[in-house]
Protein chains: 2
Amino acid sequence: MTLEDMQNRLGCWLDGSGPNPEIVMSTRVRLARNLKERRFSHRAEKDELQQILTEVTTAVEETQALGESTVISIREISEEDRRFLLERHLVSNELVSSDWPTAVIVGDDECRSVMVNEEDHLRIQVMQSGFQPGATWVMAEEIESCLESRLEYAFSDQYGYLTACPTNAGTGLRISVLLHLPGLGLTGQIGRALKGIAQVGLAVRGLYGEGTEAMGNFFQVSNQTTLGQSEPDIIGSLERVTRQVIEHEGTARRILLKDAKPQIEDKVWRAFGLLRSGRLMRPDEVLNLCSAVRMGLGLGLLSGVSCSLINSLMVLSQPAHIERIAGKSLSESESNAARADLVRKLLQNCNAC
Amino acid sequence: MTLEDMQNRLGCWLDGSGPNPEIVMSTRVRLARNLKERRFSHRAEKDELQQILTEVTTAVEETQALGESTVISIREISEEDRRFLLERHLVSNELVSSDWPTAVIVGDDECRSVMVNEEDHLRIQVMQSGFQPGATWVMAEEIESCLESRLEYAFSDQYGYLTACPTNAGTGLRISVLLHLPGLGLTGQIGRALKGIAQVGLAVRGLYGEGTEAMGNFFQVSNQTTLGQSEPDIIGSLERVTRQVIEHEGTARRILLKDAKPQIEDKVWRAFGLLRSGRLMRPDEVLNLCSAVRMGLGLGLLSGVSCSLINSLMVLSQPAHIERIAGKSLSESESNAARADLVRKLLQNCNAC
């Protein structure tokens, strides 16, 4: 699989399947692991990191832990391609900006991947569509066990898995859900909901991390504590809170539908109309319009458009994707024009009604 | 012809024909006349006004001055229907709010009409699509001459035709053009252009009279002086100024196309997309969106939509039209919903590209 292959299709975690996909876009599990008796990434020499990279890569390939997979060496790809991988949620900023040997190994459906030599030697990542914390965690554990047949993880009986940063130690588990909360946004309850989430010890960020909170009412919610709690406790806690948020969002949407159906319908259809007719579009506008259309799909106010298509638009319309598809670097206005063209093309065959 | 017949089609002065229809939507001529030895409308008793009404109506019918025509007695129609006639530019506010006997006699194509017992006994009106000052005036004169075979007009050798208000005396001629100036609007030159028009003694108003100046960059320009100038002088002066405005507007559009084509194309297509997808629309929004689409048609940025259809939308989407088509009175939000539905329906078969 090459980046060219990737740009023309999307990770299956965007296919709108799974439970509650209209509110929970996706579930993600990440396990941090380090190799025994090796220095952490930012302490190790380049040679050692190169050795670790080879060792992990070989283990993944030989065990087929990710099924068919591709190794992408970050040093060998351009700045644009690094941003492309960031936009696909396959790598972290830290991984692509390190000056030591790093890589991401990506399973063919992009649901499973391993970052090598990020802050920790291994960051095993599984993403699934919809609300599936248990299943997603089990998949991550399977990869972890599979690799354990070739690799020995740094582990302490007292602390559990050892990590470069103490906030990841213990289970090494970070579980997150990507929530779409337009109902709470439109009814003005989002601030209180997010505050409630923070109060029970979970972290809230925007679609593309810190500082992107306002984008289209998309929010990532994840656990902050990894130490002193068992994996089932961590997952159970996130699951419980997420269920409450799903319920509040559902109530808010029902209230909107009862009290302001014409206004919401208008908002949804205008968003769809603009996506289908604009000639210049900034990425944040596409996100906001997709947010409205997704809400319309969830509320049954619009049909004939698949949720997965709208999810795809949100990723494909990101700047590095637009440049990759164009095959060259673009000025901001060229990018806005190419983005609008792509969005129109992808929506042109919809029989929306 | 009944109001029901009228609501389902439009006056031919909206058909987008004639010279320069992309900038001059229509040309209108109005001649004010009064009957000899009769008191002006606001001085006359009801009996006298009723007599005048009968006399004028009979003259119009017997001479066929308007071709096939219909007499609409204002006292006999509802408030809503009066607004309906106002929206079609067939009557004045003064005519429909008088408490004495008034009527409008409308030719079947709505291009020719006569208001009876407005401020003056007769207000002969001719509207034509595009920029046709000479032809429109000739048509009005023909109606006037035709009626003169049955009616005797109040005329003074010293002053010319006598009218209730001295500002209309002499020729009794008011000629106006309805201009669409989005180029001057978007390039920020509209203020200067309108000031220039005012400086040569012409009046500028919005689409629906005073206070509607900002609507969609539509402006009515008309002569203010009727006395002491011959008809050809009045018409020549308006014609000259209008040609200059057409030239400036054309230059502004060419500059926009050269310097900001992507932005203009985006604006035009977004407007079209919103018209085709909105579920709630206020009348002023429809006007503004139609203005952008009309500009797009004029600049060749959009095709497959006729100018006459867009012109129609601007009239059909007015509040009293929406209520007439619905067959009942509507709340504001019901009206906005019905308006959006009508606009979508009228545009649904367009193969815009």
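You'll find the structure just up there.
Residues numbered from 1 in each chain as written. Chains lettered and ligands numbered in written order. Predicted model: local features only at pLDDT ≥ 70, side-chain atom pairs only at ≥ 80, totals over all residues. Heavy atoms only, no water.

1. Overview of helix 8 (residues 231-277) of chain A
This is how it is decided: Numbered from the N terminus, helices here are DSSP runs of H or I no shorter than four residues, and strands are runs of E no shorter than two. Between the first and last residue of a helix there are one fewer steps than residues, each counted as 1.5 Å, and that sum is the expected span. Values of bend correspond, residue by residue, to the angle between axes fitted over the seven residues ending at that residue and the seven starting there.
Along its 47 residues, helix 8 of chain A runs just 47 Å from first to last C-alpha, ending more than 12% under the 69 Å computed at 1.5 Å per residue. Along helix 8 of chain A, the helix axis deviates most sharply at A:Ala260, where the bend reaches about 110 degrees; the proline A:Pro262 sits within four residues downstream.

2. Digging into the relation of the copies chain A and chain B
As a reminder, the rule being used: The copies are overlaid by a least-squares fit using only the C-alpha atoms of residues whose pLDDT is at least 70 in both copies. In what follows, residue pairs with any heavy atoms lying within 4.5 Å of each other are defined as contacts.
Of the two same-sequence chains, chain A is brought onto chain B (RMSD 0.0 Å, axial shift 0.1 Å) by a rotation of 180 degrees. The two molecules are tied by a two-fold rotation axis, judged by turn and shift. The position closest to the rotation axis in chain A is occupied by the C-alpha of A:Gly273, lying 2.4 Å away. Most of the interface of chain A is mirrored in chain B, where 100% of its interface residues again form contacts.

3. Points about the pairing of strand 4 (residues 112-116) of chain A
Residue and element names in this part refer to chain A. This is how the line gets drawn: Relative accessibility thresholds used throughout: buried, under 20% of the residue-type maximum; exposed, over 50%; partly exposed, between the two (1.4 Å probe, protein chains only). A pair of strands is treated as paired once DSSP finds two or more bridges between them.
Within strand 4, four of the five residues are buried, which leaves it mostly tucked inside the rest of the structure. Across four bridges, the pairing between strand 3 (residues 103-107) and strand 4 is antiparallel. Residue pairing for strand 4: isoleucine 105 is matched across the bridge by valine 114. Across five bridges, strand 4 lies against strand 5 (residues 122-129) in antiparallel orientation.

4. Some details on the sheet that holds strand 10 (residues 218-223) of chain B
All names here are of chain B. Rule in force here: Here an angle of 0 to 180 degrees is reported between the N-to-C directions of two axes, which are lines fitted to C-alpha atoms, with helices fitted over the stretch in contact.
The eight strands are arranged 2-3-4-5-1-8-10-9 in an open sheet whose pairing can be described as antiparallel. Every other strand in the sheet has two partners, leaving strand 2 (69-73) and strand 9 (202-206) as the edge strands with one partner each. Each neighbouring strand pair of the sheet contributes to a mean axis angle of 20 degrees, computed without reference to strand direction. Bridge analysis of strand 8 (residues 173-180) against strand 10 gives five bridges, and the strand direction is antiparallel. Its bridge partner being in strand 10, serine 176 is matched across the sheet by serine 222. Against the sheet, helix 5 (residues 133-148) makes contact with strand 1 (24-33), strand 4 (112-116), strand 5 (122-129) and strand 8, and its axis sits at roughly 30 degrees relative to strand 1, the strand it touches most. With respect to the sheet, helix 8 (residues 231-277) is in contact with strand 1, strand 8, strand 9 and strand 10, its orientation differing from that of strand 8 by roughly 5 degrees.

5. A word on the side chain of B:Arg344
Residues and elements named next belong to chain B. Following the sequence through the fold, arginine 344 ends up in helix 12 (residues 332-347). For arginine 344, a relative accessible area of 18% puts it in the buried group. For arginine 344, the contacting residues outside a window of four places in its chain are Leu275, Arg276, Ser277, Gly278 and Arg279.

6. As for the interface of chain A and chain B
Put simply, the test is: Two parts placed together each lose some accessible area; with a 1.4 Å probe, that loss summed over both constitutes the buried area. The salt bridge criterion pairs a side-chain nitrogen of Lys or Arg with a carboxyl oxygen of Asp or Glu, the two atoms within 4 Å.
Between chain A and chain B, the residue contacts involve 14 residues of the former and 14 residues of the latter. Surface buried jointly by chain A and chain B totals about 1300 Å² across both partners, of which 59% is contributed by carbon and sulfur atoms. Where chain A meets chain B, there are two salt bridges. For the salt bridge of B:Arg270 with A:Glu285, the shortest nitrogen-to-oxygen distance reads 2.7 Å.

7. Points about the sheet that holds strand 9 (residues 202-206) of chain A
Two pairing modes exist for strands in a sheet, parallel and antiparallel, and in both the strands are linked by backbone hydrogen bonds. All names here are of chain A. Reading across from one edge, 2-3-4-5-1-8-10-9 is the order of the eight strands in this open sheet, with antiparallel pairing throughout. Either end of the sheet is taken by a strand with one partner, and the two such strands are strand 2 (69-73) and strand 9. Strand-to-strand twist in this sheet, taken as the mean axis angle between neighbours without regard to direction, amounts to 20 degrees. Across seven bridges, strand 1 (residues 24-33) lies against strand 8 (residues 173-180) in antiparallel orientation. In the strand pairing of strand 8, valine 29 is matched with isoleucine 175.

8. Points about the pattern of salt bridges
Using the criterion set out here, one finds 40 salt bridges over all chains in the structure. For the salt bridge of A:Arg88 with A:Glu110, the shortest nitrogen-to-oxygen distance reads 2.9 Å. One end of the pair, A:Arg88, is in the loop between helix 3 (79-87) and helix 4 (93-97); the other, A:Glu110, is in the loop between strand 3 and strand 4, with 22 residues separating them in the sequence. A:Glu110 shares its class with A:Arg88; the two are buried. Residue B:Glu118 pairs with B:Arg123 through a salt bridge whose shortest N-O separation is 3.4 Å. Assessed through its relative accessible area of 4%, B:Glu118 is described here as buried. On the basis of relative accessible area, B:Arg123 is assigned to the buried category, the value being 7%. Salt bridges sharing partners connect three or more residues here, namely A:Glu118, A:Glu119, A:Asp120 and A:Arg123.

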